[in-house]
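Spelled out, the chains give:
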Amino acid sequence: DAGVIQSPRHEVTEMGQEVTLRCKPISGHNSLFWYRQTMMRGLELLIYFNNNVPIDDSGMPEDRFSAKMPNASFSTLKIQPSEPRDSAVYFCASSLGGSGNTIYFGEGSWLTVV
Amino acid sequence: GNSVTQMEGPVTLSEEAFLTINCTYTATGYPSLFWYVQYPGEGLQLLLKATKADDKGSNKGFEATYRKETTSFHLEKGSVQVSDSAVYFCALSGGSQGNLIFGKGTKLSVKP
């Protein structure tokens, strides 16, 4: 079975450029999550969707970050303009929703902004 | 609000040693509790979980028991292997949508 698929796996971009990270959740899952991992802050929940609707985006650091889920099989996280402090690993994850259900993570998108 | 506190690492053990990684939580209601493992360069994988008090989760020789009275979910393994070297995250699921709140992670290194 295909797991959560993220692209790109690695991205190096210059400060000020737009970055778009993509995610395909596991088929049938109705909850989708975007996390960011850094050495300093650990794993942070940025935003999550349920049935394609954003439920909580309080973790999105600032207006430069935006996320969309146009359909049940695709989501994007966009950073515009990017800054060096955005360098991190961005994980997409999905689940059947509800407390107690396992959240399945993708392999991550490793972003470096120079 | 909900939070998870786990012991800071790194933890270095010799092969076949006993492992304990402490995890305590603060939560309203009755959260589900999880341990995830992250191998170098990879995403997080579920290791085990428990959804109610006194439940024991187990997988690959690892165990953790949901202790409501001490608000703890300590991870244990009787005999670690070099292949267990990874970062271990304790997490709780407190929201209705099942979003996870993670501890900071504990890096485990097992030496032959």
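Residues numbered from 1 in each chain as written. Chains lettered and ligands numbered in written order. Predicted model: local features only at pLDDT ≥ 70, side-chain atom pairs only at ≥ 80, totals over all residues. Heavy atoms only, no water.

### Section: the overall build of chain B
To keep things clear, this is the line we draw: Numbering of helices and strands runs from the N terminus; a helix is a DSSP stretch of H or I covering at least four residues, while a strand is a stretch of E covering at least two. We get accessible surface area from the Shrake-Rupley algorithm with a probe of 1.4 Å; when it comes to residues, only the shown protein chains can shield them.
Tallying secondary structure elements over chain B gives 0 helices and 12 strands in all. Traced from its N-terminal end to its C-terminal end, chain B shows the element sequence β-β-β-β-β-β-β-β-β-β-β-β. In terms of overall dimensions, chain B has a C-alpha envelope of 45 × 30 × 20 Å along the principal axes. Accessible area of chain B: about 5300 Å², with a carbon and sulfur share of 47%.

### A look at the environment of A:Ile26
Residues and elements named next belong to chain A. Operational definition: Summary of the burial criterion: residues with accessible area below 20% of their type's maximum are buried, those above 50% are exposed, and those between are partly exposed, where the area comes from a 1.4 Å probe applied to protein chains only. The criterion used for residue contact is that any of the two residues' heavy atoms lie within 4.5 Å.
Of note, Ile26 is situated in the loop between strand S3 (19–24) and strand S4 (31–38). When its relative accessible area of 18% is taken as the criterion, Ile26 is described as buried. Between the alpha carbons of Ile26 and Cys92 there is a distance of 11 Å; along the sequence they are 66 residues apart. Non-local contacts of Ile26, meaning those with residues more than four positions away in its chain, are made with Ala2, Gly3, Val4, Ser94 and Tyr104.

### Overview of the pattern of salt bridges
Test applied: When a carboxyl oxygen of Asp or Glu is within 4 Å of a side-chain nitrogen of Lys or Arg, the pair counts as a salt bridge.
For the structure shown, the criterion picks out 11 salt bridges over all chains. Residue A:Glu83 pairs with A:Arg64 through a salt bridge whose shortest N-O separation is 3.5 Å. Of this pair, A:Glu83 sits in the loop between strand S8 (74–79) and strand S9 (88–95) while A:Arg64 sits in the loop between strand S6 (53–56) and strand S7 (65–71), placing them 19 residues apart in sequence. Exposure remark for A:Glu83: the relative accessible area of 24% places this residue in the partly exposed category. Using a relative accessible area of 10% as the deciding quantity, one classes A:Arg64 as buried. Residue B:Lys77 pairs with B:Asp84 through a salt bridge whose shortest N-O separation is 2.8 Å.

### Re the nonpolar core
The test is simple: The criterion is simple. A nonpolar core is a set of buried Ala, Val, Leu, Ile, Met, Phe, Trp, Tyr and Cys residues joined through side-chain atoms within 4.5 Å.
Counting 26 residues, the largest nonpolar core has B:Trp35, B:Leu47, B:Leu48, B:Phe73, B:Leu75 and B:Tyr88 as its most contacted members. Elements supplying a minimum of two residues to this core: strand S2 (11–14), strand S3 (19–21), strand S4 (23–26), strand S5 (32–38), strand S6 (44–50), strand S8 (62–65), strand S10 (86–93) and strand S12 (106–111) of chain B. When near neighbours in sequence (up to four residues on either side) are disregarded, B:Tyr88 contacts B:Gln6, B:Ile21, B:Trp35, B:Tyr36, B:Val37, B:Leu47, B:Phe62, B:Leu75, B:Gly105, B:Thr106 and B:Leu108. If you look at the next biggest cluster of nonpolar residues, it comprises 21 residues, including A:Ile47, A:Met60, A:Met69 and A:Ile79.

### Some points on the sheet that holds S8(A)
All names here are of chain A. Going by this rule: Only when DSSP finds a minimum of two bridges between them are two strands counted as paired. Orientation is described by axes fitted as lines to C-alpha atoms, over the contacting stretch for helices, and by angles from 0 to 180 degrees between their N-to-C directions.
Pairing is antiparallel in the open sheet, where 4 strands are placed in the order S1-S3-S8-S7. The sheet terminates laterally at strand S1 (5–7) and S7, the two strands that pair on one side only. Neighbouring strand axes in the sheet, compared pairwise and without regard to direction, differ in orientation by 15° on average. Where S3 lies against S8, 5 bridges are found, and the strand directions are antiparallel. Paired with Thr20 across the strands is Lys78, a residue of S8.

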